[in-house]
Structures are given as structure tokens and as C-alpha cells.
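Residue-level structural notes
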Amino acid sequence: MRIELEKRAKASALFSILSPFIALALTILFGGVMFALLGKNPVTALYSFFVEPLSEVWSLHELAIKAAPLILIGVGLSVCFRSNNWNIGAEGQFIMGAIAGSALPVLFYDWQSPLLLPLMMLLGMIGGALFAAIPAFLKAHMNTNEILTSLMLVYVAQLFLDWLVRGPWRNPQGMNFPETRTFGADAVLPEMLASGRMHWGFAFAIVAAVLVWFMMRYTLKGFEITVLGQSERAGRFAGFSSRKMIWFSMLFSGALAGLAGISEVSGAMQQLRPVISPGYGFTAIIVAFLGRLNPLGIAAAGLVLALTYLGGEAAQLSIGVSDKVTRVFQGLLLFFVLSCDALIHYRVRLVWDRFAAVKTEEAH
Amino acid sequence: MKKLLVALATTVAVLGIAPAASAQEKAKICFIYVGSKTDGGWTQAHDIGRQELEKELGDKIETQFLENVPEGPDAERAIERLARSGCGLIFTTSFGFMDATIKIAAKFPDVKFEHATGYKTAPNVATYNSRFYEGRYIQGQIAAKMSEKGVAGYIASFPIPEVVMGINAFVIGARAVNPDFKIKVVWANTWFDPGKEADAAKALIDQGVDIITQHTDTTAPMQVAAERGIKAFGQASDMIAAGPQTQLTAIVDTWGAYYVKRTKAFLDGTWSTSSSWDGLKDGILTMAPYTNMPDDVKAMAEETEAKIKSGELKPFTGPLNKQDGSPWLKEGETADDATLLGMNFYVEGVDDKLPQ
């Protein structure tokens, strides 16, 4: 007996709805077994992963804070990936956006004005876009591989930030520790509600998701992105330029990653430190695919992934599993979600004897 | 397979039973770690302290911890989670948790916080640190006696005051024995990276040093020193296993004593904010056994240790010059703690330019 995957003639509508639920069921089953083998109560474990973070208001705020950068970056990346441009360097664009936006409150710390915040956000987008322009230029005009160039530039951005906060931008009153001045009140992205720490970065993320969804679905630009992504040649016949698309998609995703960076720094940290991201730019790649490159799906995926981070912490406390176990559980979930999506395009068949298989082949 | 089936059966059996909350009577003392509790260095030393606390006061308290918490917004959430889960006293064990600790502490005035190695306090936030430099002074003296070339190599992590202070203490100790002693510094820009630390050790040895000391957390430099047949000092934990013929001594972080002291105060209701900076005499750091050295060097090290403990000897006492030869401390003058905690210059004898 063996298992065969047979390509469906057309994507299954049923399974595109069912597959996340199958994945969730498999995760709960296998995760439960894992927790039981570790001698933990699987119900308590699963409860702290999926329910506890959602059961309190403050925790919902934290969920939004954690999800905001993932969604914002992921939405930008979806435009890149849909158009077949592989921007892997969102982490670097996130950092450069944060640096560009922070230039105002760090260098002109006395300047307080209602204009400050919008300018910071704008600078953040420009910073991210300009940093993404490097791999865009190299791909569009020198035909280099953007996966490599954008990835390598991440390290450049990380080291540049490290140098800034230890050197020229270091807080003169900070006992020589590597961090910038704390931002003035007008440079802080305000909280949205009084009940918790969630700031306007989350609103940016949702607005971006809806706008990009609209663009992809109802505008010529969205059509152009899809066509060029599926077939460059077909795009050319339609009069679309793939070179312009490289520029558009890279700058667009860079700008959103930069906005995520400055929102995170202004809303949640209020200063630059040597490390400002626990890998949001890379995790957002997972989020983009988890959301099937659909902006609204990405918003949901960002929340789910954020939930597993918060749940992982809750589980460390409530059942005393190590941080590694919670990562394994997160990995299980991602693995099942992504692999169950295969059911949308493929049919699983159990082939009982090899002669049957040969016969089908002959019949073709 | 059988075990798997049993596990599966248990899973299915307990699904549907609501998680029962256990009765909570013991005080909860909580810890937040920046690294993994088995990192072999900084975080592990804190976790050993936590285990000692549990052993000592286990009948009155229980402990909980979160590990691998990134500094920044994640730390704020993690600390808030601890505060909300009923922790009465929370130790935040990395410098980068400072602002997060202060912010959350303002929201939870009834919870007490203790932040390691920071400088911001509040009515419910105390800070604690260890005078690691006392150990480094002793190491400097040993190095000056043991080195034939009069040059030691120093693998440093990041140019923060803590690390600069350690380098200076080492040099001052060494020059108290040999006034011409010099050190070379390599900045590894990491706390924990075996590959980089090993490379730094190799580079230093190639430049002619014959003693290695480190302010990074892995045993890699010790192993390189052992391979090349020179002596070295351990850091944060006793690293004798990595260099049985190599380690002269090590600075061992022993936070347990402090954790027990502060938890007792918390249980008695006598806890109040403070900025604690304990040293050898308080047992917050200890020297690993003096090994691989002649008896007279060992005797000298023990004598210095005793003098530091009694307060007779303070490492940062003049006359001392800055790196460029300009005077810093006059004869008999001692540097105050504020100067040490913000230290951003080298003393005479360091062959390196401090990254600014």
C-alpha cells in the first residue's frame, strides 16, 4: 500500500476552508501526545496555549502588539512574493525604517510638535524603501539574485544599528550603556485604548491589509502583480514591465517593513537598542505563506502566530515546560497548517496494490 | 509504541476535563532570564541561585521562571505576565530588562521587583549587582606572576562600563605586581559565541600573549588555551572541566546568597528598595580553587582575597593614571561607585583603543 498525491484539476473550495481545521485538529492531537509524554496534563497545556492568552483584556492588547509588525511586514511581502520577487531582507528594512524614523527624536530631542510623529512614520517608510531599493536596483539592472542580496543586507542593517547605539547616537546620560535617548512625548505612538498597551501600529497593520487586499482584487495594479508573478512573458504581452514591477514590489514591501520598524520602536520601545527585533522580518515570511499570500489571511495568520508566542509563555508558567517545548509546539502547528494546504491542490489516494498503479499509468 | 499509545489514551481521556486550579498558599518568587537556563554561563548562574533559594526556603515559597525572553516589548509582556500570575517578588536578570521592569513596576505597586546590573530604582524596584572586578583584580595579580612575557590577552564582550571596569581592575591588579605589565583586548561583540570567542583567543595567542582571560560566557577560550599550552581564567562558572591543566581560577557568580537574603526580607515584610552592590565578602561572587600555580602565587592570591574581603584593599585606589598617562586618582584616593558604574575610559597599561 502506498499514498499518492494526485493533482486536482482545480483548487478544492471545500479543502481551502477545511484545511486549517484539519491542521488544528492534528496539532492538538500530536501536541497533546507530546505534553502527555512529558508528563504534563495535555488539557492544561492546550488551554494555556490557545485560550489563556485570549481570556484577559491586557493579554489581547499584547497579542495585537506582537501581531502588528508581523502583519504589516507580511502584507508587504505578499505583494513581492505574488509578483515573483523574493525579498528575504524585510528584517533589514524593518531596522533601517526604525533608524530613519528615530533620527528626529534622537538628534532633535528638544523638538516637540504634532508634526513629529507623522514625519517619523514617513521617514520610517522612506528608510525601509530606500534600503529595499538596493536589492531592487541590483536585480532590475544587474540581474543579481535578490534572495541573496536582500538577505545579506540584513546583517548590514543590524551592524549599522549596533554601531549607532554604541557610538554617535548613544544616550549621553545613559551611563555609557548602548541605547539612545528615550523619545519625547510627541514622538511616541499613542495607545489606542485606555485598557492596555496596544498602540496605533496595529491599526496601521489592519489598514494596510485591507488596502492591499483591495488593490490586489479590484485594481489594475493588482492584476499586473498577479500576471507578472505567474508568467512574466504573458505580462509582457499585456504591456506590463517586469523591471518596473521589481521596483514597485521591493519599494512597497520595504516601505511597509520600515513603517513596522518605526511603529514598533515609537509605540513599544521609545528608544533604539542594539537589537530591536526578535526576527520579525523573517517570521513575517512564514506569516505571509501561512496567510496564503492573501492580505486578509495574513492578518489572521499574524494573530495566530502571535497567539502561539503568548501561549508559549503562558505554558512555561502554568505547566512548567521549557521554552524549547513551546517552540516545538509552535513548529508542529506551522508544519500542519502548511502541509494541510497541500489538500487544496492535491487529492490523497491510497493505492492498494502496485498493479493497479501500473494499470492507471497505462491508461494514460 | 506502547508508551505512545498510553499517552494517546491519556490525551483522549483527559480532553474535556477542565484544568483544575491548584490551591495557592506559598509565596511565588519569579525569575525572568534573557538566555537559556542551561547556557553554561550568565543565565545558568542565576538559575543555580534560584535552585538554591528553593532548597533553602522551599517550604515557604515556590519559584517560577521564563527563559529566553528577548529584551524589548517581549520583556515587558513577560514581566507583566509574571506580575499578574501572582508573583510577589520578581527578579529580572538582565541589564536590558531595566526600562521594562520600571514600567511594569509602576503598574503593580504591590509587587516587588529586583533588577540585576541596572541603575534605575523605584519604591518597589531594587537593583543588585556583583563586584566582579574584585575577582578580576586578583586574576590580574596572578597573571602578572604567571606570565613570562608580561602580556595577557582579554576577550571582552561589549564596551559597557561593567566590562571596561573589569579590564581596568585586571590591569591595576597586574601592575601592582609588575609595573610594566600590559594587556591586549579583543572585542568579540557577543556574550555567547563559542566560534568567535575561540577565534579571539587564537588571535591573541598569535600576538604573543601567554595568559587568556575572558568576559564572555563560553568555555571555548579555555579550550583554545589548553590546546596551545598556556594558562587561562574562567568566567561566571567554574570552568575547570574545560581546562584541568589550564584554569588558574575563575570568577564564579553565586547569586543564591542574595536571592535567599532578599526573599527572607520579602517574607518578613522588611523588604525595601535598595541598590545592592555586594562583593567577595558577601559571597555573591566566589573564586574557584587556585590551581595550576606555584604555592607562593597561590598564597599571594589568597592573601589578596582576604584583604579585599576585610575591606583593607580596594582595587581602584590611587595613585592611578588614565591610559594616556594623565593622572586619575591621587595617592590613597578611591574611586566612588558612581564613577565605576559609568566607567568609559582605560587605565594605564591597556594596549587597545576603547570603542566609543
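What counts, and at which threshold
- Residues numbered from 1 in each chain as written.
- Chains lettered and ligands numbered in written order.
- Predicted model: local features only at pLDDT ≥ 70, side-chain atom pairs only at ≥ 80, totals over all residues.
- UniProt positions renumbered as here; feature names shortened; annotations may be inferred.
- Contact = placed C-beta atoms within 7 Å.
- Helix = DSSP H or I, 4+ residues; strand = E, 2+ residues; numbered from the N terminus.
- Nonpolar A, V, L, I, M, F, W, Y, C, P; charged D, E, K, R; others polar.
- Expected span 1.5 Å × (residues − 1).
- Buried ≥ 20, exposed ≤ 12 C-beta atoms within 10 Å, placed from the backbone.
- Pairing = 2+ DSSP bridges.
- Axes fitted to C-alpha atoms, helices over the stretch in contact; angles between N-to-C directions.
- Domains from an automatic or database assignment.

Looking at an unreviewed UniProt entry, one finds chain B named BMP family ABC transporter substrate-binding protein and attributed to Sinorhizobium medicae.

The name given to chain A in an unreviewed UniProt entry is ABC transporter permease, with the source organism recorded as Sinorhizobium medicae. In the Subcellular location (unreviewed entry) part of its UniProt record, chain A is described as follows: "Cell membrane".

If you look at the interface, chain B gives 36 residues, while chain A gives 28 residues. Of all elements in the fold, only helix 1 (2–14), strand 2 (61–66) and helix 3 (73–84) of chain B reach the threshold of two or more residues within the side of chain B that touches chain A. Broken down by element, the side of chain B that touches chain A gets its largest block of residues, seven residues, from helix 1 of chain B. Taken together, the residues of the side of chain B that touches chain A break down into 19 nonpolar, 10 polar and seven charged.

Let us now look at helix 6 (residues 146–166) of chain A. It helps to recall that an α-helix has 3.6 residues per turn; residues three or four apart then point in one direction. All names here are of chain A. Taking 1.5 Å of rise per residue, 21 residues should cover 30 Å, and helix 6 covers 30 Å from first to last C-alpha, within 8% of that figure. Of the positions making up helix 6, those classed as buried are Glu146, Ser150, Leu153, Val154, Ala157, Leu161, Val165 and Arg166. Tucked into the core, helix 6 has its buried residues touching helix 4 (90–107) and helix 5 (116–142).

Turning our attention to the sheet that holds strand 5 (residues 125–130) of chain B. Strand-to-strand pairing in sheets goes through backbone hydrogen bonds, with the strands running parallel or antiparallel. Residues and elements named next belong to chain B. Spatially, 2-1-3-4-5-11 is the arrangement adopted by the six strands of the open sheet, whose pairing is parallel. The open sheet has two edge strands with one neighbour each: strand 2 and strand 11 (275–278). Pairwise comparison of adjacent strand axes, ignoring direction, gives a mean angle of 20° for this sheet. By the bridge criterion, four bridges tie strand 3 (residues 87–92) to strand 4 (residues 112–116) in an arrangement that is parallel. Directly across from Leu89, in strand 4, lies its bridge partner Lys112.

The next thing to look at is the UniProt feature "domain: ABC transporter substrate-binding protein PnrA-like" (unreviewed entry) in chain B. With numbering matched to this structure, UniProt assigns "domain: ABC transporter substrate-binding protein PnrA-like" (unreviewed entry) to residues 27–309 of chain B. Overall, residues 27–309 of chain B shows 42% helix and 23% strand. The separation of its end C-alpha atoms is 34 Å.

Residues and elements named next belong to chain B. Along its sequence, chain B is carved into domain 1 (27–130) and domain 2 (132–252 + 285–351). Between domain 1 and domain 2, the C-alpha centre-to-centre distance is 29 Å. Of the residues lining the interface, 10 residues belong to domain 1; the matching set on domain 2 comes to 11 residues. Residue contributions to the side of domain 1 that touches domain 2 peak at three residues, all from helix 2 (residues 42–57). Residues that form the side of domain 1 that touches domain 2 fall into these classes: three nonpolar, six polar and one charged.

Residue and element names in this part refer to chain B. In terms of burial, strand 5 is a largely internal element, six of the six residues being buried. Bridge count for strand 4 against strand 5 is four bridges, and the pairing is parallel. Residue Ala116 lies in a different strand from strand 5, and its bridge partner there is Tyr128. Taken together, the four bridges between strand 5 and strand 11 define a ladder with parallel strand orientation. Across the sheet, Thr127 pairs through a bridge with Ser275, a residue of strand 11.

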